[in-house]
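One-letter residues, chain by chain:
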Amino acid sequence: MSNAKERKHAKKMRNQPTNVTLSSGFVADRGTKYHNGGGRPFHQAQKQEPFPGTSRQRQTKMTHHSPMDPDVKEQSSSKIMFKKKGGWKAGPEGMSQEIPKYITASTFAQARAAEISAMLKAVTQKSSNSLVFQTLPRHMRRRAMSHNVKRLPRRLREIAQKEAEKAVHQKKEHSKNKCHKARRCHKNRVLEFNRRQKKNIWLETHIWHAKRFHMVKKWGYCLGERPTVKSHRACYRAMTNRCLLQDLSYYCCLELKGKEEDILKALSPMCSIDAGLTFAAVHCLSGRRQGSVLLYRANRYPREMLGPVTFIWKSERTPSHTSESRQLWIWLHPTLKQDILEELKAACQCVEPIKPTVCTPGPLPTTSEEKSQTELPDEKIGKKRKRKDDGENGKPVKKVIGDGTRDPHQPSSWISAATGIIISDLTMEMNRLRLIGPLSHSILTEALKAASVQTVRVNATVVLYSTHVLLSKFEGEDTEKTPHHWWIETCKNPDSVSLHHRQEAIFELLGGITSPAEIPAGTILGLTVGDPRINLPPKRSKVLPNPEKCQDNEKVRQLLLEGVPVDCAHSFIWNQAICKNVTENKISDQDLNRRRSELLVPGSQLVLGPQESKIPILLIQQPGKVTGDDRRGWGSGWDILLPKGWGMAFWIPFIYRGARVGGLKESVMHSQYKRSPDIPGDFPDCPAGVVFAEEQAKNLLEKYKRRPPAKRPNYVKLGTLAPFCCPWEQLAQEWESRVQAQEESFVASSPSGEDSDSRRDKLPGAPTPENTDLQSDEGGTSPSSCSEPREVMDTECPAQVGTAWVAGQDATGSLLCVLRSRKWLKQLSTWCGPSSRDKRAARRTSGSGEPTPTRAAYLPLLERFPRALVWVSLALLRKGSPEPHSMICVPAEEDFLRLRGDQLYCGPQESKHSDPFKSEIRKQKERKKVEKRQNKQAPSEPEGLAGGPPAAGHRALTLGLWSGPLPGVTSHCSRVLLGFVTQGDFSMAVGGGEALGFVSLTGLLDMLSTQPAAERGLVLLRAPASPQYRFARIAVEV
């Protein structure tokens, strides 16, 4: 009998007594069948009979004692016939068995009594987890039976009542999961939202995004990654022709207060003029432009980078003096905040914490407080629940605005006793919205209106046409007690009123400009606007530029050439007290809608008069694409800085004017089309970039292992050593060793310098079969790699060893760095050739227009940056779409020969590699099977051979991935590796594949010096899961 039938029989016999069997014909002891109700088998009863002999003899003897009648003979004969046809059978053997001729009354009654007691026990006692009403037939069940006992039949009510009294089946008296109506209650909803913001910060637009976007938890925030609808092309069209809206409030702001001279002196060691402008730039220092700078650890340039930041100086109406106090805002990505804040505190000597001047959100209710709010006395169970604080004396629950995870007892400001500089953390104290596209300024001018000038006398004439009640009420009020008394006090100053009118005039001129790229990069305009919710249109519409607004060509020309004047960059958003007042005195949406409903003419303009909020804002122009020669100014727009609490009040009006909303994915696409590095993924020399690469490699490895081996690529056979990360450190080291070995071999072969230079020019770009082994040994056995063995399992990305952040090494060329010197980048751009030219122009100008890089020209560059990477852009010549982590390789001489002969030649193909781990993986699988079999045979001996730990030499291998230390990455394939792609996709801007990435500076110079003039700047791209190489043109854009 099979195991399944045995389990089925055991389940049937679970509640049966030992002396009762079913009539299924199956007995545990095969061939035995109880009869007569007794406890003896039939064959045992036969053995105890006093008639020995065979069965035929016993039958004759039995007939001698009890003679048969003719009817009995007929029954026996028919019985025999029935047995021949396959009648009564005892068990699987098919042995025939006769019906007993007699029974014993006492034994039969005892057996039946046992059966009856077992049946009563099975009826009265429940053996399963189902309730009583679930034992009824389906046509008799009712939904109310689960909570109303009287719905059950009378015979089952007593049992159901006992079940209901048990604690297991009792309803939770105070369930946290309230009903839908209670959850939708405003008070409960705010409490729930406040509780959910304890771990991850919510932006003010979080609820709006959560309904329309795929949300992710990143960098301590809940952010919208991408829309739920298909909108990739639509977002690109919005950035190109219309407007794209993004919420960048998760960016962190650090404020520095102190003397201008002291601040500049403290920040100067953290940046270098060789990499671009610094904090002391003239246009930025006056406060009329926003600047960007690359921060390093003090006096560590060009290594130990911290990350890129943007900064804004507060503009001063009077001429700037180094002795007066200034304010500086530094905006940075949240992944860079901790490192830069610690370095700023060390540079400015701000070690003493002070009480924060900004308003921090109140502490959220603890778990015990939440339980106490929902607990009710026992006598109120079943009645309508009502909170104790729901009455008139109840305090309203306030929504968390800003950083809900910040500890109010943790300091957010630090002061320096020596210099008096104060560093404050203003993260989430302001909202930052970004508008990208040519219609961004048109949407701004339509959605925002400059605030009206208000004084006591002026307001009396302004609101005269509205209602007499409002006029009489305002005339009797004190200006100090009004919600927006700061604006009334400001309007009393004629200079402030004049400045406000000039800012308003410049703001109106923006509505007629074709694109924000026409305005000088980083222009700052301060403004005070009214409540944008009042001017909300009844339905969504699309705005267009209005040329009538800029009829004064002289003012427009001055604005485009010189930008905004210094005094017009002033804004009250720099004053934290005013921002706090604006946040606290905001009119709620409920009150605003109620006033709208009370209008005599529905849909008419709502006039709030002096009760209308006045919001100080700061407009910052974003230049867009500033590198290269093609599509200059693409992706330009405006950033709007707002006080906290006003995010949704500006968000909805922008959407109603035609702005399309994007998320983190659209931010990456924006930086890719601008050909600028994305933060933090495209900064491999930054600690945040290293952490990002490790997390990305871990996620890709987990995704790879989730697929079966037959449905995923075998990267070992494809020759891809690091498919999920980029070994930058190992790449730079191998190229340095490679070039040094080549120079030594040239000097040894020809002592004359001229011969060595000529032979160097004839070097091929790809390794030959004779020197491939030599190069791999030289590249893989560098001094650093030999001294420290690297054991990396495939559970982690093998190339992470090359990108590990080593902070203890010196800065004499041992650490990885990225070339950011403006001087040398321009020189490299000239050597690589122009990036925005077609193939015909390349053929015309490549012969004589581009200078050839010589050893004397780039030797100083290599001496200063021996292990440097260069940020490059790549454009595919023909079809193909590059992917992240694609390999950038050096073409061989035969590739150029085939390209010259066939212009449609796509590129070479990588030959199939052997898998050295395949046999070891097969042995590992067999070893696991043996261990599993041994564990099953001896489960009680975990310390045996099967249960012991695996051998020390056995490594956890994954089919398709390289395990252990990486060999030479540059010479592992048939084409020499030059770098890796970090961003790549089909570009809708050029109609072809484009990629961005890093290459080794040493390898790039070596390739450019050895390539022919007609093909200078051509490289090969290969995706990690493809053997096909494709030609691409490399460019360094500055």
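Residues numbered from 1 in each chain as written. Predicted model: local features only at pLDDT ≥ 70, side-chain atom pairs only at ≥ 80, totals over all residues. Heavy atoms only, no water.

Engineer: Describe the pairing of strand S13 (residues 524–530), with residues and values.
Structural biologist: Among the seven residues of S13, seven are classified as buried, and the element is accordingly described as predominantly covered. Where burial is concerned, the two faces of S13 agree: the one with Ile-524, Gly-526, Thr-528 and Gly-530 and the one with Leu-525, Leu-527 and Val-529 are both buried. Of the pairings in the sheet, the one linking S13 to strand S14 (residues 614–622) comprises seven bridges and is antiparallel in character. Bridging from a neighbouring strand, Gly-526 pairs with Leu-618 of S14. (Buried < 20%, exposed > 50% of the residue type's maximum accessible area, 1.4 Å probe, protein only. Helix = DSSP H or I, 4+ residues; strand = E, 2+ residues; numbered from the N terminus. Pairing = 2+ DSSP bridges.)

Engineer: Before we move on, could you go through the pattern of salt bridges and cite the residues and values that matter?
Structural biologist: Evaluation of the coordinates by the stated rule reveals 32 salt bridges. Within this structure, Lys-625, Asp-630, Arg-675, Glu-994 and Glu-1037 form a network of salt bridges that share partners. (Salt bridge = Lys/Arg side-chain N within 4 Å of Asp/Glu carboxyl O.)

Engineer: Give a description of the nonpolar core that names residues and reports values.
Structural biologist: Core analysis: the largest hydrophobic core is formed by 65 residues, its most contacted members being Leu-819, Leu-828, Val-870, Leu-874 and Leu-1001. With seven residues, the single largest contributor to this core is strand S18 (residues 868–876). When sequence neighbours within four positions are dropped, the list of residues in contact with Val-870 reads Leu-819, Leu-825, Leu-828, Gly-997, Phe-998, Val-999, Leu-1001 and Val-1036. The next biggest cluster of nonpolar side chains, apart from the first, holds 48 residues, and it includes Leu-245, Phe-507, Leu-509 and Ile-513. (Core = buried A, V, L, I, M, F, W, Y, C linked by side-chain atoms within 4.5 Å. Contact = heavy atoms within 4.5 Å.)

Engineer: Describe the sheet that holds strand S2 (residues 213–218), naming the residues involved and giving the relevant values.
Structural biologist: As summarised here, the arrangement of the three strands in space is S1-S3-S2, forming an open sheet in which the pairing is mixed. Edge strands, defined here as strands with exactly one partner in the open sheet, are strand S1 (201–202) and S2. Judged from the six bridges that link them, S2 and strand S3 (residues 221–227) form a sheet pairing that is antiparallel. Looking across to S3, one finds that Val-216 is bridged to Leu-223. The sheet contacts of helix H24 (residues 664–674) involve S2 and S3, and relative to S3 the element is tilted by about 70°. (Axes fitted to C-alpha atoms, helices over the stretch in contact; angles between N-to-C directions.)

Engineer: Outline the packing of aromatic side chains, supporting the account with residue identities and numerical values.
Structural biologist: Overall, the coordinates contain 23 aromatic pairs when judged by the stated rule. Where Trp-208 meets Phe-213, the ring centres are 6.4 Å apart and the plane angle is 45°; that geometry is what we call tilted. Judged on exposure class, the residue Trp-208 and its partner Phe-213 are both buried. With centroids separated by 5.4 Å and ring planes inclined at 35°, the aromatic side chains of Tyr-704 and Tyr-715 adopt a geometry described as tilted. In this pair, Tyr-704 sits in helix H25 (residues 687–705) while Tyr-715 sits in helix H26 (residues 715–718), placing the two residues 11 residues apart along the sequence. (Phe/Tyr/Trp six-rings, centres within 6.5 Å; stacked < 30°, edge-to-face > 60°.)

Engineer: So what about the sheet that holds strand S16 (residues 660–661)? Which residues, and what values?
Structural biologist: Strands sit in the order S13-S14-S15-S12-S4-S16 across an open sheet of six strands; the sheet is mixed. With partners counted over all chains shown, the strands left at the sheet margins are S13 and S16, one partner each. Bridge count for strand S4 (residues 244–247) against strand S12 (residues 430–436) is four bridges, and the pairing is antiparallel. In the sheet register, Asp-247 faces S12, and the bridge partner there is Leu-433. Packing against the sheet, helix H19 (residues 494–509) makes contact with S13 and S14, and its axis sits at approximately 100° to S13.

Engineer: So, a nonpolar patch on the surface: which residues are in play, and what are the values?
Structural biologist: A cluster of nonpolar side chains, Ile-116, Met-119, Leu-120 and Val-123, forms an exposed patch at the surface whose accessible area comes to about 410 Å². Mapped onto the elements of the fold, Val-123 is located in helix H5 (residues 105–124). (Patch = residues over 30% accessible without salt bridge, like charges linked within 9 Å, V, L, I, M, F, W, Y side chains within 5 Å. Areas by Shrake-Rupley, 256 points an atom, 1.4 Å probe, with all protein chains shown as cover.)

Engineer: Describe in detail the side chain of Thr-1002, supporting the description with residues and values.
Structural biologist: With respect to the helices, strands and loops of the structure, Thr-1002 is situated in helix H36 (residues 1001–1010). The exposure class assigned to Thr-1002 is buried, which follows from its relative accessible area of 7%.

Engineer: Describe helix H21 (residues 576–584), and please don't skip the residues or the numbers.
Structural biologist: Taken together, the buried positions of H21 are occupied by Gln-576, Ile-578, Cys-579, Asn-581, Val-582 and Thr-583. Those residues of H21 that are buried are in contact with strand S8 (325–332), helix H18 (485–491), S14 and strand S15 (637–643). Of the residues flanking the start of H21, the one acting as N-cap is Asn-575, its side-chain oxygen 3.1 Å from the backbone nitrogen of Ala-577. (Polar contact = N/O pair within 3.5 Å; in protein donor to acceptor, adjacent residues only side chain to side chain.)

Engineer: Would you mind going over the packing of helix H31 (residues 822–832) against H36 in detail, with residue names and values included?
Structural biologist: Relative orientation of the contacting elements H31 and H36 amounts to 35°, with a least axis distance of 11 Å. The way H31 lies across H36 gives a crossing that is left-handed. Mapping the contact onto sequence places Leu-828, Trp-831 and Cys-832 in H31 and Leu-1001, Leu-1004, Leu-1005 and Leu-1008 in H36. Classifying every residue of the contact of H31 with H36 gives seven nonpolar, no polar and no charged. (Left-handed = near helix turned anticlockwise from the far one by under 90°. Nonpolar A, V, L, I, M, F, W, Y, C, P; charged D, E, K, R; others polar.)

Engineer: Outline the pairing of strand S5 (residues 252–259), listing residues and values.
Structural biologist: Extensive coverage of S5 is indicated by the burial of six of its eight residues. Sheet topology places S5 next to S8; eight bridges connect them, and they run antiparallel. Considered in S8, the bridge of Leu-254 is made with Ile-330.

Engineer: Any details on the environment of Met-648? Residues and values, ideally.
Structural biologist: The residue Met-648 is located in helix H23 (residues 647–656) in this model. Each C-alpha atom of the pair Met-648 and Glu-204 lies 6.6 Å from the other, and the pair is 444 residues apart in sequence. Contacts of Met-648, omitting those with residues within four sequence positions, involve Glu-204, Thr-205, Trp-208 and Pro-653.

Engineer: Just give me the short version of the packing of helix H10 (residues 232–241) against H24, but keep the residues and values in it.
Structural biologist: Here H10 crosses H24 at 55°, and the two axes come no closer than 11 Å. Classified by the angle between their axes, H10 and H24 sit oblique to one another. Here H10 and H24 pass one another in a crossing that is right-handed. Within the contact between the two elements, H10 uses His-232, Cys-235, Tyr-236 and Met-239 and H24 uses Lys-665, Glu-666, Met-669, His-670 and Tyr-673. Of the residues assigned to the contact of H10 with H24, the class counts are five nonpolar, two polar and two charged. (Parallel < 35°, antiparallel > 145°, perpendicular 65-115°, else oblique.)

Engineer: Mind laying out the confidence of the model for the protein chain, listing which residues take part and the relevant values?
Structural biologist: Averaged over all residues, the pLDDT of the protein chain equals 76, while 72% of them reach at least 70. Of all the helices and strands in the protein chain, helix H30 (residues 783–787) carries the lowest mean pLDDT, 35, while S4 carries the highest, 95. The low-confidence segment residues 358–393 (pLDDT under 50) makes 42 contacts with residues lying over four places distant or belonging to another chain. Counting interchain partners and residues more than four positions distant, the pLDDT-below-50 stretch residues 753–813 has 104 contacts. (pLDDT = per-residue confidence, 0-100.)

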